[in-house]
Amino acid sequence: MEKVIEYSNHQDMLLDIAQKLLSCESFQQATDTLVKVLYSRIKSFDCAFFRFEKSHNQLLCTSYINSSTSEVFKLKPIALGTGVVGRAAEEQKTFIIKDRTECNYWLEHIENAYSELSVPVVHDGKLLGVIDFEDENVGFFTEQHQSVIEDVALLIAPQLNQLLHTERLENQIEQLKYQIKVLKNTESRSRTILNNLPDPVFLLDQSCKILDINHSASLLLGASKSGLIGKRIQEFEQATNGDSTLPFYKNSSLQTPTMVKVSYVPIVGPAKDYELAISRQFDGSFITTARELQTREDTFLELKSSQDFLREVLKTTPDIVYAFDIDREDFILGRERLSRLLGYPENTFTNWRSFLPIVHPDDQHLLKERVLKIVNSAKGEVIFSEARLMHKSGKYRHIQNYAVAFRRNDDGTPSSEIGTIRDVTERRELKAEVKRKEHYYRSLVENAFEGIALYDEAGVLKFATASAHKLLGYLEDEAIGLKGADFIFPEDRDIAKKAWQKLLSKPGNVVRIPEYRILTKSGEPIWIENTLVNLVHDENVNGVVSNFRDISLKKHSEMSLHKLSYFDELTELPNRNSLFKYLEQSLTGDVGSIDQVTLVYFDIYKLHLINSAHGNWVGDKVIQRVANSLEKYNKVFSFIARAGDDEFAGVLHNVDNLKVTKLVEDILFAYSNIVTIDGIDLKVTLRAGIVSYPEDSETAEELLRLAENTVKHLKNSTQNYAFHKKSESVNTKERYQIEKDIIRAIEFNQFKLAYQPILSPYTGKVQYMESLLRWEHPERGYIPPDVIVDIAEETNLIHALTNWVLESAIKQVAEWKTQEYFLKVSINVSPKDLLRDDFLSVLESLLDKYDVSSSHIGIEVTETAAMIDLDKSKSLLEQLTNIGVTCALDDFGTGYSSISLLASLPVAKVKIDKSFITTLGEERPLDGGVDNKVIVQNILRLAKSFKLNSVVEGVETMEQIKLLMKYGCDYVQGYLYSKPLYPEDLVNYLNSHKFNQVID
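Residues numbered from 1 in each chain as written. Predicted model: local features only at pLDDT ≥ 70, side-chain atom pairs only at ≥ 80, totals over all residues. Heavy atoms only, no water.

Caption draft 1: Here's a closer look at empty space enclosed by the protein. Overall, the coordinates contain 2 cavities of 30 Å³ or more when judged by the stated rule. For the largest cavity, the calculated volume is near 180 Å³. Lining the largest cavity we find 15 residues, and of these Trp352, Leu367, Leu389, Ile399 and Asn401 sit closest to its centre. Counting residues per element, the ones that place at least two in the lining of the largest cavity are α11 (364-375), β15 (382-390) and β16 (396-408). No other element matches β15, which puts 4 residues into the lining of the largest cavity. (1 Å grid on protein atoms, 1.4 Å probe; cavity = no way out; pocket = protein on both sides within 12 Å on 5 of 7 lines; lining within 4 Å. Points joined across faces, edges and corners; volume = space filled by probe spheres on them. Helix = DSSP H or I, 4+ residues; strand = E, 2+ residues; numbered from the N terminus.)

Now the structure itself:
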């Protein structure tokens, strides 16, 4: 059905459009209004307005409406010359398409549309946009439609052009506002610097009479500003050789300051040497700045000491960093970013030569000169260059380059360069304004004024400088008449009151208050440094002069530094520094009368394994969990701190050991079961070492050391807390000697290996032996293997010790073969051995050396050791299995991820830790209420499900054997069958027992 055309009186429509456009304040509002009016009149399927964006050469749909919705939305952009809309825009003439099937450049914007009318909107030959209609009916649009819409386009063109012009002006205004904001921020920063200048500054007229000075200058000359104004500076100032400084003033220039060494003779006190900078102003006046020569010398030495560092920093900028191979003429780094900076596809530029086509003709020689400078540059010389390069958009950009020869050939010519590239186009546009302000800011900085106020004897404010009013937040002269006490922060009024009383006690008194707080008009406190001078009896002043400056930034920095120095960022608890300081105060009585100080030192046992298994973020959560649990006892502890990565400490005052024990047990009990952190089940274990003052030590440093050692000694203990014992301190010292003895024992073969049989509980047949380290020290006697291994691991002797054990065990297997005993021996390896790159090669070389087959050797690793680096452990165990070595997982069930380990590690056996067997058969459950029979039975069932042989350690009773056989245990090991035996005793044992012979 043909649609109705409602435009019989298009003069009325033109009037309607004109009236509505007059009320539009933006281009967008105007095009939205236009499409709604046209759509209501023409009644086509849709109506749209496309705005022409010259910078992109595209037509962007700003307004759209159709028959299915009354809301305005946008179509996709159209390139100039593309489709009906693009053709109408490019040729600036109307296009009517009656049937899209006959149009070979039709673009389908709306589904099922068949006819289209596109009319360009042009003003003074400039394309503004296109009015576009589409309809689903063939031949919908006629010459009448064309005539009407062309009239509309002609009508709206001036108004739309004016709105576009207004829009551009508004954008320019916003840009100017932004530039003004930047300039104000720069001025504000400069004023802050100005208010903190410590150097004396003088403002002199053409005859060198003092017009104005800052507070530092007043202090230098020993007189108030009012007493110095009008006097010639030469009354106090002379060249170091005694001559007048007047010739230096006469010969000074506007361009650069004149530097001269002078002596100042104050009204009271000795002369002081300064370096003076004389700056002549345009009106003939002078601004001079004095700096103590010693201060300048110290600054020079400090700068010189960091010269090399600063030189390296200045070679690069935070912009585009590049590296270029001069010999190969190729970019090593930075090519992609440089291409993107100029709007080109990545890798457009391969070398400096490829930039020549886009370099401004007037700057071509600069690029060539740059190359010559690099080639002829001295070592470390930074080469600067600047040129205009054409952006992809067609506009030239000002590009700066700093470069230095990075490597050189044997003949000294550069082979590569590194440098930075910066786009300074916007900076150059503001350069003129910056230069104009630069001299102004320099004068302000060199003539810094602190806040200066004058009070009468009653403390009423009589005068204040503009800078003082600004600092306090008052309008000029608004604060006059207020009492000084009204400005002071309530908690600091005692400080000011005592200073005021001391000041008025004697004429001429000078009182300095290093820091206290005053209130601004808004009530905000600020920190100031204040110097007060009593000039009440000076008839020229008749009051108290107050010189003050804002030190809030300094105080805030000090407070932030204090927090960083004395508090832990992760837990927000006091850190080790705070703990040490508090202990010292407790021991010296600074925190009250204390007879006894108890330090409880907590350690998160094997936190590093949790980090390895689940990531450091989980470890951090554990640390926070422990910190929170300790903070629940902050009413009991006098002080709680994080003392190390996995360590915490609590301080108790005058608490007896019984109450300490109860408190520690309560804290540790909270971690007796599995804890869940972010959905992860973990076994977190805390240990605690307890030391006391004065029983154990009388110094904070020694208390901390003893507490750490007490926790450390719990490593090989079944206890999770202990009070310090004097013997432990002695053992700690002995460890250093034992370390040396281990080296000697390896060298002189003082270690021995004992072998404990592992049997089948069903047949009694010996399957293989486990090798166990033994050391009978010539002076100390028997030293347990866990002590040996512990010290070896701490001192990096473990690899040498493991190599000794491997060779001794393999050599013993070879000797048994000569006696017709073909036995298999398992060897325990340290966690650090799993991380060795040469472990497999060492083992294979020893097997070859003694002609022993790998089937005679087994390797045992603990579950926790395998978790340190699971991927590396898995790789090594796979390699061992591939060469025929049997691998077993020792102490199974004591770690954190047993099931996942069984599923991933290539092991043939699991050894169940003896801690599960100790009370097996007894009528009592394990701690936590779970029957150990159930635990052992489930562990054995788990091993069976993974088709692994099980070995139970520490079997000592027949009751245990009966239960283990009932649960399906494969092998057992323990004193019920045999203690560890030396080789000659083992042979005798085997002669009376059945044993397994290993066939190569």
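Right, picking up where we left off after that structure.
Caption draft 2: Up close: the sheet that holds β15. Across the sheet, 5 strands lie side by side as β14-β13-β17-β16-β15; this open sheet has antiparallel pairing. The open sheet terminates on both sides in strands that have one partner only, identified here as β14 (330-333) and β15. Across the sheet, the mean angle separating the axes of adjacent strands is 35° when strand polarity is ignored. Sheet topology places β15 next to β16; 9 bridges connect them, and they run antiparallel. Residue pairing in the sheet places Phe384 in a bridge with Tyr402 of β16. Each of β13 (320-325), β15, β16 and β17 (414-423) touches α11; the most contacted strand, β15, lies at about 160° to it. (Pairing = 2+ DSSP bridges. Axes fitted to C-alpha atoms, helices over the stretch in contact; angles between N-to-C directions. Contact = heavy atoms within 4.5 Å.)

Caption draft 3: Region of interest: the pattern of salt bridges. By the definition in use, this model includes 39 salt bridges. Its salt-bridge partner being Arg51, residue Glu53 comes within 3.2 Å of it at the nearest N-O pair. The salt bridge involving Lys621 is made with Asp678; its shortest N-O contact spans 3.8 Å. Of this pair, Lys621 sits in helix α18 (residues 616-631) while Asp678 sits in the loop between β26 (675-677) and β27 (680-682), placing them 57 residues apart in sequence. Taken together, the salt bridges that share partners define one network made up of Glu770, Glu860, Lys911 and Glu953. (Salt bridge = Lys/Arg side-chain N within 4 Å of Asp/Glu carboxyl O.)

Caption draft 4: A look at the pairing of strand β28 (residues 686-693). By the criterion of burial, β28 is predominantly enclosed, with 8 of the 8 residues buried. Burial along β28 is two-sided: the face carrying Leu686, Ala688, Ile690 and Ser692 and the face carrying Arg687, Gly689, Val691 and Tyr693 are both buried. Pairing geometry for strand β23 (residues 597-604) and β28, over 8 bridges, is antiparallel. Paired with Val600 across the strands is Ile690, a residue of β28. Pairing of β28 with strand β29 (residues 721-723) involves 3 bridges; the strand directions are parallel. Residue pairing for β29: Ile690 is matched across the bridge by Phe723. (Buried < 20%, exposed > 50% of the residue type's maximum accessible area, 1.4 Å probe, protein only.)

Caption draft 5: Representation of the nonpolar core within the structure. Counting 77 residues, the largest nonpolar core has Phe751, Ile859, Leu880 and Leu964 as its most contacted members. Sort the elements by how many residues they give to this core and helix α23 (residues 798-818) lands first, with 10 residues. In contact with Phe751, other than residues within four places in its own chain, are Ile742, Ala745, Ile746, Leu773, Arg774, Trp775, Ile788, Leu801 and Trp804. With 33 residues, the next largest nonpolar core counts Val37, Ile42, Val119 and Leu160 among its residues. (Core = buried A, V, L, I, M, F, W, Y, C linked by side-chain atoms within 4.5 Å.)

Caption draft 6: Quick peek at helix α19 (residues 657-669). Across its 13 residues, α19 extends 18 Å between first and last C-alpha, which sits within 8% of the 18 Å expected from 1.5 Å per residue. Along α19, the residues that are buried comprise Val660, Thr661, Leu663, Val664, Ile667 and Leu668. Angularly, the buried residues of α19 cover 165° about the axis, an arc narrow enough to put them on a single face. Summarising the geometry of α19, the exposed residues directed more than 90 degrees from the buried face are Leu658, Lys659 and Phe669. In this fold, the buried residues of α19 make contact with β23, α18, β25 (647-653), β28 and β29. (Expected span 1.5 Å × (residues − 1). Arc of directions from axis to C-beta.)

Caption draft 7: Local environment of the environment of Tyr971. Take Tyr971: it is sitting in strand β39 (residues 971-972). Residue classification places Tyr971 among the buried positions, given a relative accessible area of 16%. When the C-alpha positions of Tyr971 and Lys909 are compared, they lie 9.9 Å apart, and in sequence the two are 62 residues distant. The residues contacting Tyr971, other than those within four sequence positions of it, are Ile758, Leu759, Ser760, Pro761, Gln767, Lys909, Asn949, Ser950, Val951 and Val952.

Caption draft 8: Region of interest: the packing of helix α1 (residues 10-22) against helix α2 (residues 27-42). One can describe the packing of α1 onto α2 by two numbers: an axis separation of 10 Å at closest approach and a directional angle of 160°. With respect to each other, α1 and α2 are oriented roughly antiparallel. Handedness of the crossing formed by α1 with α2: right-handed. Residues Asp12, Met13, Asp16, Ile17, Lys20 and Leu21 of α1 lie in contact with α2, whose contacting residues are Ala30, Thr33, Leu34, Val37, Leu38 and Arg41. In terms of residue class, the contact of α1 with α2 is built from 7 nonpolar, 1 polar and 4 charged. (Parallel < 35°, antiparallel > 145°, perpendicular 65-115°, else oblique. Left-handed = near helix turned anticlockwise from the far one by under 90°. Nonpolar A, V, L, I, M, F, W, Y, C, P; charged D, E, K, R; others polar.)

Caption draft 9: View of the packing of aromatic side chains. Enumeration according to the criterion identifies 24 aromatic pairs in this entry. Ring centres of Phe27 and Phe49 lie 6.0 Å apart, and the angle between their planes is 65°; on these two criteria the pair is classed as edge-to-face. In this pair, Phe27 sits in helix α2 while Phe49 sits in strand β1 (residues 46-53), placing the two residues 22 residues apart along the sequence. Aromatic ring contacts, followed pair by pair, group Tyr322, Phe324, Phe331, Tyr344, Phe349, Trp352 and Phe355 into a single cluster. (Phe/Tyr/Trp six-rings, centres within 6.5 Å; stacked < 30°, edge-to-face > 60°.)

Caption draft 10: View of the pairing of strand β21 (residues 525-535). By the criterion of burial, β21 is predominantly enclosed, with 10 of the 11 residues buried. Relative to β21, strand β20 (residues 510-519) runs antiparallel, the two being bridged by 8 bridges. Bridge assignment links Tyr516 to a residue of β21, and that residue is Ile528. Counted along the chain from β20 to the antiparallel partner β21, the turn is 5 residues long, and its residue Gly523 has a positive phi close to 95°. Sheet topology note: the β21/strand β22 (residues 543-550) ladder contains 8 bridges and is antiparallel.

Functional significance is not addressed by these values, which are geometric in nature.
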